[in-house]
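Chain by chain, the residues:
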Amino acid sequence: MAVPLYLLILLVGVLCGESKFMVYNTSQSIVPGKLNVHLVPHTHDDVGWLKTVDQYYVGSNNSIQGACVQNVLDSVVPALLADKNRKFIYVEQAFFQRWWRDQSETVQSTVKQLVSSGQLELINGGMCMHDEAVPHYIDMIDQTTLGHRFIKEEFGITPRIGWQIDPFGHSAVQAYLLGAEVGFDSLFFGRIDYQDRAKRKAEKSLEVVWRGSKSLSSSAQIFAGAFPENYEPPKGFYFEVNDDSPVVQDDRNLFDYNVQDRVNDFVAAALSQANITRTNHIMWTMGTDFKYQYAHTWFRQMDKLIHYVNQDGRINALYSTPSIYTDAKYATNGSWPIKTKDFFPYADRVNAYWTGYFTSRPALKGYVRMMSGYYLAARQLEFFNGRSKSGPNTDSLGDALAIAQHHDAVSGTEKQHVADDYAKRLSIGYKEAEDLVAESLACLASKTGCQNAVTKFQQCPLLNISYCPPSEIDLSSGKKLVVVVYNSLGWTREDVLRIPVIDENVTVWDSSGQEIESQIIPISNGSLGIRNYYSAAYLGKAPSLSPAYWLAFSASVPPLGFSTYTISSAKRTAAASKRQTFYKSRGNKNDIVEVGPGNLKLVYSGNEGELTRYINNKRSVNASVQQSYSFYLAHDGSTDLEPQAAGAYIFRPNGSFSIKSERQQVPLTVYRGPILDEVHQTINSWIYQITRVYKGKEHAEVEFTVGPIPIDDGIGKEIVTRISTNIKSNKTFYTDSSGRDFIERIRDYRADWSLQVNQPVAGNYYPINLGIYMKDTNTELSILVDRSVGGSSIVDGQVELMLHRRLLHDDSRGVAEALNETVCVHDECTGLTIQGKYYLRVDPQGEAAKWRRSFGQQIYSPFLLAFAEQDGDKWESSHVPTFSGVDASYSLPENVAMITLQELQDGKVLLRLAHLYEIEEDQDLSVMASVELKKLFPNKTISKISEMSLSANQERAEMLKKRLVWKVEGSNDVEPTVLRGRPIDPSELVVELAPMEIRTFSIDFNYKSSTSERSIRCAVSA
């Protein structure tokens, strides 16, 4: 067959033609005197959002979003190997560790070389990029430590950079605690208020020295930078497959050659950014969500840009990382503006305040907080009992909690199926930790040692809805119910327990065998309805038995220990049942109802059924206090030129309306007793409230049940409770930062810029993890919460908390789903009902901090209850009635909390102690505190101790030696001395903690157990 002539000519051309392979010069480093453009290749991989964490990792469920993190990491490694000058940063350890476990030893060795050379930099280093508004600081520390320990163990490095590029506002705790105190040299983020950003651009103050703690001040400052727009590349420089940015077409034999055009575009964008940035260094974040799934498309274009821009010579372009960028900024020896407090609230444009998510998905928020406190207690028990190599442990719960801190997890801004996945992971983790707790308590309680411990303890994770099968047993046959009460706090604690029982004829004995005072309270029909419905939703079937009563009694438990209480069937004595009375208001005019068995009295109007006064004679308080419910109509955005509806992220109210009783007055049902009084109020058909006043407490506990929120009118609603007083607050109130420092808030005001008010309610909302308070010269009103909520003071003298949200529109921020949570039983679905608590107290001005701090720890760390049945008197002969992990004569100072005690897989133990007070917060407790480690760990010998960084991945002395000390504008280079605890003396073993200080130590323990002597290396964070 003859070959056509044109094919022969083409073949000769191919064989004889020169290769046009192009080698791009990407080796450029920083050039003094030029504008240096630091290209930072990165991907932002949400640990769950539109898809679950595992769906994102393997790339499934792509009908929602085409994203596969496996592809990203698989693609980046060979791309880096192709050119030693290329660089890449990676953040989310939850994904990286999944990928790492799948790799061969050869690939792992290659990746270690990339990390060692600096081509691949692991920054931030936590399991996720946690949110900064709604997580508790303990959870933020825990999830960061998990990631940092892995990086240290596998790669021998410590992350230098904080990279919080996507959270929706930024907390002071992130800056000083999760930034400076973990050893970061800088912190970068993408989202600040649009008005703040505009001013900072004009003043070239996007980069600052951030002092987040007034207590630790310059000793915990950090260099921080907000990006000019977001965490994406400049417009026109996106290079993922199918992105529409023009590529660099540098083959002159092809059409559309555009090298000079692209160089000019690059130079113009760089000069524009340089005009709002100090020094001759700017950073371009070359990537965004789930990019680099085919990394070559990005690196090919960046290779060309670096090559041709540097040939052009007007500016200098280079592959870089945030570490290189930070060092370059520091080398300029410049002074930087100072930033204090935080970056809340955040709005990305007019009418778009991201303050709704402070409350979104309140059930998930409550579950995360409950599991967090449980995780703290379970790790303590795991330490006391000794970590098992083959049995249950707390790791699964720790991993689930770490992932749940992600900024689209506990924030409530994920799709519903993803929220379900987070809850599922927590439930699985809890189940294993529950087994661990049961085994540990059985071992510690047994007189014959762990080998012979046979007690099967049960627990009640649904006790909040009065579902507790272990306590709902028939005791009439002579059985006894044993309740072991564990206290995870470092000081002796007294609190009231309430457990559901089926019979009112029961009595309670304490650890010494003495009968103690108890009280029976009927369980309301509403509570039983919630119990039956939600236990069926949780368990798949309705309970066969319903308890009739709450049994209440006071428990006293030693620090880091347990006490045992026994409940049996018996005729209640006169002492136990005295003053057990019932009252129901009739709406009589001028009827006054006073409740409270102790110093605190709440006064209600019997006519309206409303709270009117708060009286505490012990503290000379007699204050006018009212409490009410209202709802905001959720704006649907239909009247806007740029539509903006309220949604999972955004709070945009369209009017506020009081919730009135469906009757003329709110009827009061009051149960009185020797331990507590309860006031039951049916606000309407979907809001029920119980207010409790305890004999030995000086605060009121308000338990609310809200939902299902009605939407039959086609309008979403956000439910708030308001507490009104006569306090002259002058627009000022205080909210906590991630459960730690309290920050002053002033309505319609920002310290950093002149606020243009367009949303007078949403723009004044702040996240609340611990509490909110306001004061005048005479009085303080404090409210503490059991989970993250949004709140504010919109009117002087009044505080409001948003308790629940149910919305019918998406807010156009990516989740593409309305926040309309439902619960389904047997294919019948209803709107979500929320049950939660907040705590209210009024004090003379200056005397409230002690309650906020100490009781705040009790809210975070409630008693852990375990139940067992007892036949006859066998229990006393085979079990110890009490236990404490510390010396019998010792407890932690009341201004110090133990926030971690955990034996790790390698035999180390992590212990954290935190000073609870800020400077000048309390005249007695805002002082240096001392913890005696010898008494904290009795019967153990500490043979070696070294102070460590917060995340225990480097010695603190080494961290301080490496720390970059930044100059601040207006400073005379001599900063005031900040109070810090002295270095620990290895012979005295006393840890000093200054206000707001958290210190970390690595300890070697030698101690004797009942069977053998063992040595444990202990990492202690105090």
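Preceding this section is the structure that the text describes.
To start, this report covers the structure provided alongside it. (Residues numbered from 1 in each chain as written. Predicted model: local features only at pLDDT ≥ 70, side-chain atom pairs only at ≥ 80, totals over all residues. Heavy atoms only, no water.)

Looking at the packing of helix α13 (residues 395–404) against helix α14 (residues 416–445)
Helix-helix packing is described using two parameters, namely the angle between the two axes and the distance between the axes. Put simply, the test is: Axis angles are defined between N-to-C directions and span 0 to 180 degrees, where every axis is a line fitted to C-alpha atoms and, for a helix, only to the segment in contact. Secondary structure elements follow DSSP: runs of H or I of four or more residues count as helices, runs of E of two or more count as strands, with numbering from the N terminus. Here is the rule for angles: anything less than 35 degrees is roughly parallel, anything more than 145 is roughly antiparallel, 65 through 115 is roughly perpendicular, and the remaining ranges are oblique. The hand of a helix crossing depends on one turn: near helix anticlockwise from the far one by less than a right angle means left-handed, and clockwise means right-handed. We call two residues in contact when some of their heavy atoms are within 4.5 Å. Side-chain classes are defined by residue name, with Ala, Val, Leu, Ile, Met, Phe, Trp, Tyr, Cys and Pro counting as nonpolar, Asp, Glu, Lys and Arg as charged, and the others, Gly among them, as polar.
Two numbers describe how α13 lies on α14: the axes approach to 7 Å, and their chain directions differ by 155°. The pairing of α13 with α14 is recorded here as roughly antiparallel in orientation. When you trace α13 past α14, the crossing you get is left-handed. Residues S396, L397, A400, L401 and I403 of α13 lie in contact with α14, whose contacting residues are Y422, R425, L426, I428, G429, Y430, E432 and A433. Residue classes in the contact of α13 with α14 are distributed as nine nonpolar, two polar and two charged.

A closer look at the packing of helix α4 (residues 93–101) against helix α6 (residues 137–155)
One can describe the packing of α4 onto α6 by two numbers: an axis separation of 10 Å at closest approach and a directional angle of 35°. Crossing handedness for the pair α4 and α6: left-handed. Residue-level contacts link Q93, F96, Q97 and W100 of α4 to L146, G147, F150, I151, E154 and F155 of α6.

Re the sheet that holds strand β8 (residues 281–286)
Note the following rule: Following DSSP output, two strands are said to pair if at least two bridges run between them.
Read from one edge of the open sheet, three strands run β8-β1-β9, paired in parallel fashion. The open sheet is flanked by β8 and β9 (316–319), the only strands paired with a single partner. Here the strands of the sheet are splayed against their neighbours by 25° on average, with no regard to which way each runs. The pairing of strand β1 (residues 36–41) with β8 spans six bridges and is classified as parallel. When the bridges of β8 are listed, V37 appears paired with I282. Its contacts with the sheet put helix α10 (residues 296–312) on β1, β8 and β9, and the angle it makes with β9 is roughly 150°. Relative to β8, helix α11 (residues 322–331) is tilted by about 165°, and along the sheet it contacts β1 and β8.

Comments concerning unusual backbone geometry
In this chain, F344 is followed by P345 through a cis amide linkage whose omega measures -10°. Its location among the elements puts P345 in the loop between β11 (338–340) and α12 (362–385). The phi angle at N242 is positive, at roughly 75°, despite the residue not being glycine. Here N242 lies in the loop between β7 (222–226) and α9 (259–274).

Regarding the sheet that holds strand β13 (residues 493–501)
Strand order across the open sheet formed by three strands is β13-β17-β16, with antiparallel pairing between neighbours. Looking along the sheet, the strands with just one partner apiece sit at the ends: β13 and β16 (518–522). Averaged over all adjacent pairs, the angle separating strand axes in this sheet is 30°, with direction ignored. Pairing of β16 with strand β17 (residues 549–557) involves five bridges; the strand directions are antiparallel. Paired with Q519 across the two strands is A552, which belongs to β17.

Description of the pairing of strand β5 (residues 186–189)
Which entries qualify depends on this criterion: Relative accessibility thresholds used throughout: buried, under 20% of the residue-type maximum; exposed, over 50%; partly exposed, between the two (1.4 Å probe, protein chains only).
Because side chains alternate across β5, one face comprises the buried residues S186 and F188, and the other comprises L187 and F189, equally buried. Pairing of β5 with β7, which is carried by four bridges, proceeds in the parallel orientation. Counterpart to F189 in the pairing with β7 is A226.

Observations concerning the nonpolar core
Selection criterion: To qualify as a nonpolar core, a set must consist of buried Ala, Val, Leu, Ile, Met, Phe, Trp, Tyr and Cys residues joined through side-chain atoms within 4.5 Å.
With 189 residues, the main nonpolar core has F96, F266, Y292, V931, L933 and L936 as its most contacted residues. Looking at this core element by element, the count peaks at 12 residues for α14. Counting 39 residues, the second largest nonpolar core, distinct from the first, contains Y176, V182, L216 and M996.

Section: α13
Summarising burial for α13: seven of the 10 residues are buried, a large majority. Regarding α13, the residues found buried are L397, G398, A400, L401, A402, I403 and A404. As for α13, its buried residues are in contact with α4, α6, α12 and α14.

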